[in-house]
Amino acid sequence: MPAVMPSRLAALTRLRCSIFATAYNPTSQRTGAKYLRARLRGPSMVNYYPTSIRIHDINKAFPELALEDEDEIQRISDIEALRERGKGAPKKVRKKEESRRLAKKR
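Each value, and the rule that gives it
- Going along each chain's sequence as written, the residues are numbered from 1 onward.
- Owing to the predicted nature of the model, reporting of local features is limited to residues with pLDDT of at least 70; listing and counting of side-chain atom pairs is limited to 80 or more, with chain, interface and lining totals taken over all residues.
- By convention in this description, side-chain values take in all heavy atoms of the structure and omit both hydrogens and water.
- Within this document, salt bridges are pairs made up of a side-chain nitrogen of Lys or Arg and a carboxyl oxygen of Asp or Glu, the two lying within 4 Å of each other.
- Accessibility here uses a 1.4 Å probe with only protein chains present; expressed as a share of the type maximum, an area under 20% marks a residue as buried, one over 50% as exposed, and anything in between as partly exposed.
- Every helix listed is a DSSP run of H or I at least four residues long, and every strand listed is a run of E at least two residues long, numbered separately from the N terminus.
- Between the first and last residue of a helix there are one fewer steps than residues, each counted as 1.5 Å, and that sum is the expected span.
- Two aromatic rings from Phe, Tyr or Trp, using only the six-membered ring of Trp, form a pair when their centres are within 6.5 Å; if the ring planes differ by under 30 degrees the pair is stacked, by over 60 it is edge-to-face, and anything between is tilted.

Draft legend 1. Summary view of the pattern of salt bridges. Under the counting rule described, the total for this entry stands at two salt bridges. With a closest N to O distance of 3.2 Å, R54 and D57 form a salt bridge. Overall, R54 belongs to the partly exposed group, its relative accessible area being 47%.

Draft legend 2. Structural view of helix α1 (residues 6-20). An ideal rise of 1.5 Å per residue puts 21 Å on 15 residues; α1 measures up with 21 Å between its terminal C-alpha atoms. Within two residues after α1, A21 carries a phi angle of roughly 55°, on the positive side.

Draft legend 3. Up close: the packing of aromatic side chains. With the rule as written, the count across this model stands at one aromatic pair. Taking the centre distance of 5.0 Å and the plane angle of 85° together, the rings of Y48 and Y49 count as edge-to-face. Each member of the pair, Y48 as well as Y49, carries the same accessibility label: exposed.

Worth remembering: the numbers are spatial, not functional.
Right under this line is the structure:
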């Protein structure tokens, strides 16, 4: 039985790719087609987690309620306590000359 010519096999592969709407890749290079065809994950990941309602958002929508966020009040008091002990974040530099890094280089 005679062997099939390679050109006929290539033509058959090209025809098969056009019929089944797949990429014709005779050199078997990596194209990433598998990942490009895949369904996007972003929308389902966003829908997985419920929307969180914060007291800040409620106060913004209904200012007449004047709700207090206990967690925020605690955070601010903790920051003040750290600053009193000298452990807080450094002040922001307004000018380049005020920078501590620049002062060390001089």
